[in-house]
Amino acid sequence: MDPVLKFVLPLLLGYIADLLLGDPRSWPHPVKVYGWLISRGTRWLNRGGARFWKGALLTVTLCVAVYISFYFTLIVLSGWPVVYYAFSAVFVFFALANKSLLQEGKEVFAALHHEGVEAGRRRLSWIVGRDTAHLSPNQIRIAVFESMSENLSDGVVAPLFFYAVLGLPGMMLYKMINTLDSMIGYKDKEYLYFGRFAARLDDVANFIPARITALLMILLYGSSRAWHFMIKYGPAHSSPNSGYPEAALAGILDCRFGGPNLYQGVVVNKPYIGENERSIEHGEFSKVMYLNQAVTFVMIISIIAVKYYFIWTAQQ
């Protein structure tokens, strides 16, 4: 198979499928299988002593298993190009989450705008971990934008980055790392030690993608204020990565993110990101949506261009 086509075709087909379909909730999804494996392993290992090492064992085992299984599956399928392209494209589609993330945010804004604050709070609770029962309309909109900026990195740019570096096996490896963090990477009593390795691994995996996301947002919008915000507020976030895309978006919108929020009844004081405590307007969702789409498109084009350059250079 042509090395450029082998890399580019599944990426483009998967991207187009995500753009058109998103992630229909009724469809089977590899992340559901990941979740089942993590749950089974957690029930078996998250008890007794040495929980950090047990959590590390589960994390490493699942990550290695995912990478190896996809790596050797692609080797087997390489003898049947059509099957290879179809298989790879389907899993690229599953790994990308841009359309579904945008749809989730759009539905929160629509519920808030057409049905009122209670509907907005209820719909927001589907996509964020914070308590939503007492959020104001502006806090709901801010929560959506915070989630969209963070998930642009976790759900789009990071999977694409790992595809660029390690191909489809790397992309699916990243999805396992991210799923592990979302399920056991908590600091509560149950997962404080067991999920610590998974949480740190997720921090490492997202270090470069989060900063790429922020830089693309800034470059595409052409905002010097966003650059200033990223430098000033990005490192101040409690997460080593989430603050960068959040700060970039706060700078683009000239608003303020962060601050105290309730999580399972406990107040968590997150640092403020931004300076202008203004009201977010309903129509601003379109701006953020198109920015997300633009970042995704430019990331894919950039990956293809870099891959083509390296293959072309190697052939000279």
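The structure we're discussing is the one just above.
Residues numbered from 1 in each chain as written. Predicted model: local features only at pLDDT ≥ 70, side-chain atom pairs only at ≥ 80, totals over all residues. Heavy atoms only, no water.

1. Considerations on the overall build of the protein
Keep this limit in mind: Runs of H or I in DSSP of at least four residues are treated as helices and runs of E of at least two as strands, each being numbered from the N terminus. Put simply, the radius of gyration uses C-alpha atoms, and a globule should come to 2.2 Å times the residue count raised to 0.38. Accessible area is worked out with a 1.4 Å probe on protein chains only. A residue is then buried under 20% of its type maximum, exposed over 50%, and partly exposed in between. Areas reported here follow the Shrake-Rupley algorithm with a probe of radius 1.4 Å; residue values treat only the protein chains shown as occluding. Positive charges come from Lys and Arg alone, negative charges from Asp and Glu alone, with His and the N- and C-terminal ends not counted. In plain terms, the charge of a residue is placed at NZ if it is Lys, CZ if Arg, CG if Asp and CD if Glu.
Of the regular secondary structure elements, the protein holds 11 helices and two strands. The secondary structure elements of the protein, listed N-terminal to C-terminal, are α-α-α-α-α-α-α-α-α-α-β-β-α. In terms of overall size, the protein behaves like a compact globule, its C-alpha atoms giving a radius of gyration of 20 Å where 316 residues would be expected to give roughly 20 Å. Each of the three principal axes of the protein carries a C-alpha extent, and together these read 55 × 50 × 35 Å. When each of the 316 residues of the protein is scored for burial, the buried share is 48%. For the protein, the accessible area works out to roughly 15,500 Å², and carbon and sulfur atoms hold 65% of it. Separation between the mean location of the 28 positive side-chain charges and that of the 22 negative ones in the protein comes to 6 Å.

2. A word on the pattern of salt bridges
Cut-off, in case you're wondering: Any carboxyl oxygen of Asp or Glu within 4 Å of a side-chain nitrogen of Lys or Arg constitutes a salt bridge here.
A full pass over the atoms with the stated rule returns nine salt bridges. One salt-bridge network, in which partners are shared between bridges, spans E104, E107 and R123.

3. What about a nonpolar patch on the surface?
In plain terms, the rule: Think of a patch as exposed residues, more than 30% relative accessible area, with no salt bridge, where like charges cluster within 9 Å and nonpolar side chains (Val, Leu, Ile, Met, Phe, Trp, Tyr) cluster within 5 Å.
A contiguous nonpolar patch, built from L12, I16, L19, L20, L21 and W27 and spanning about 530 Å² of accessible area, is present on the exposed surface. Position of L20 among the secondary structure elements: in helix α1 (residues 3-21). Judged by its relative accessible area of 61%, L20 is exposed.

4. Let's talk about the environment of N98
Heads up, the rule is: Only heavy atoms enter the contact rule, under which two residues are in contact if any of them lie within 4.5 Å.
Position of N98 relative to the elements: it lies in helix α5 (residues 98-115). Taking the relative accessible area as the measure of exposure, N98 reaches 3% and is therefore buried. For the pair N98 and M183, spaced 85 residues apart in the sequence, the C-alpha separation amounts to 21 Å. Ignoring sequence-local partners within four residues, the contact set of N98 consists of D18, L152, V156, N292, Q293 and T296.

5. Some details on the nonpolar core
Applicable threshold: Only buried residues count toward a nonpolar core, which is a set of Ala, Val, Leu, Ile, Met, Phe, Trp, Tyr and Cys residues joined through side-chain atoms within 4.5 Å.
Judged by nonpolar contacts, the single largest core of 84 residues is most densely connected at L11, F145, L160, L168 and F257. Residue contributions to this core peak at 23 residues, all from helix α7 (residues 137-184). Setting aside anything within four residues of it in sequence, one finds L168 in contact with F70, L74, F87, S88, F91, V92 and Y163.

6. Points about the packing of helix α3 (residues 51-77) against helix α8 (residues 196-221)
Rules: Whenever a helix is involved, its axis is fitted only over the stretch in contact; in every case the axis is a line through C-alpha atoms, and angles between N-to-C directions fall within 0 to 180 degrees. Should an angle fall under 35 degrees it is taken as roughly parallel, and over 145 as roughly antiparallel, whereas 65 to 115 is taken as roughly perpendicular and any remaining angle as oblique. The nonpolar class holds Ala, Val, Leu, Ile, Met, Phe, Trp, Tyr, Cys and Pro. Asp, Glu, Lys and Arg form the charged class, and all remaining residues, Gly among them, are polar.
The interhelical angle for the contact between α3 and α8, taken along N-to-C directions, is 50°, at an axis separation of 7 Å. When the axes of α3 and α8 are compared, the pair comes out oblique. Along its contact with α3, which presents F52, A56, T59, V60 and C63, the element α8 presents R196, F197, A198 and L201. Taken together, the residues of the contact of α3 with α8 break down into seven nonpolar, one polar and one charged.

7. Focus on helix α4 (residues 81-95)
What counts here: Expected span of a helix, by definition, is 1.5 Å for each gap between consecutive residues, and there is one gap fewer than residues.
Here α4 is 15 residues long and its end C-alpha atoms lie 21 Å apart, about the 21 Å a rise of 1.5 Å per residue gives. Of all the positions in α4, only Y84, Y85, S88, A89, F91, V92, F93, F94 and A95 are classed as buried. Buried residues belonging to α4 abut α1, α2 (30-45), α3 and α7.

8. Observations concerning the packing of aromatic side chains
To keep it simple, the criterion reads: Classification of ring pairs uses Phe, Tyr and Trp, with its six-membered ring standing for Trp, and accepts pairs whose centres are within 6.5 Å; under 30 degrees between planes counts as stacked, over 60 as edge-to-face, and the remaining range as tilted. Placement of a positive charge over a ring is assigned whenever Lys NZ or Arg CZ falls within 6 Å of the ring centre and within 35 degrees of the normal to the ring plane.
Overall, the coordinates contain 18 aromatic pairs when judged by the stated rule. Arranged with centres 5.1 Å apart and planes meeting at 80°, the rings of F52 and W53 form a pair that is edge-to-face. According to the relative accessible area criterion, W53 is exposed, its value standing at 62%. Linked through ring pairs, F70, F87, F91, F93 and F94 together constitute an aromatic cluster. The ring of F207 is capped by R211, whose NZ or CZ atom sits 3.7 Å from the centre of that ring. The side chain of R211 reaches across the aromatic face of Y244, ending 4.1 Å from its centre.

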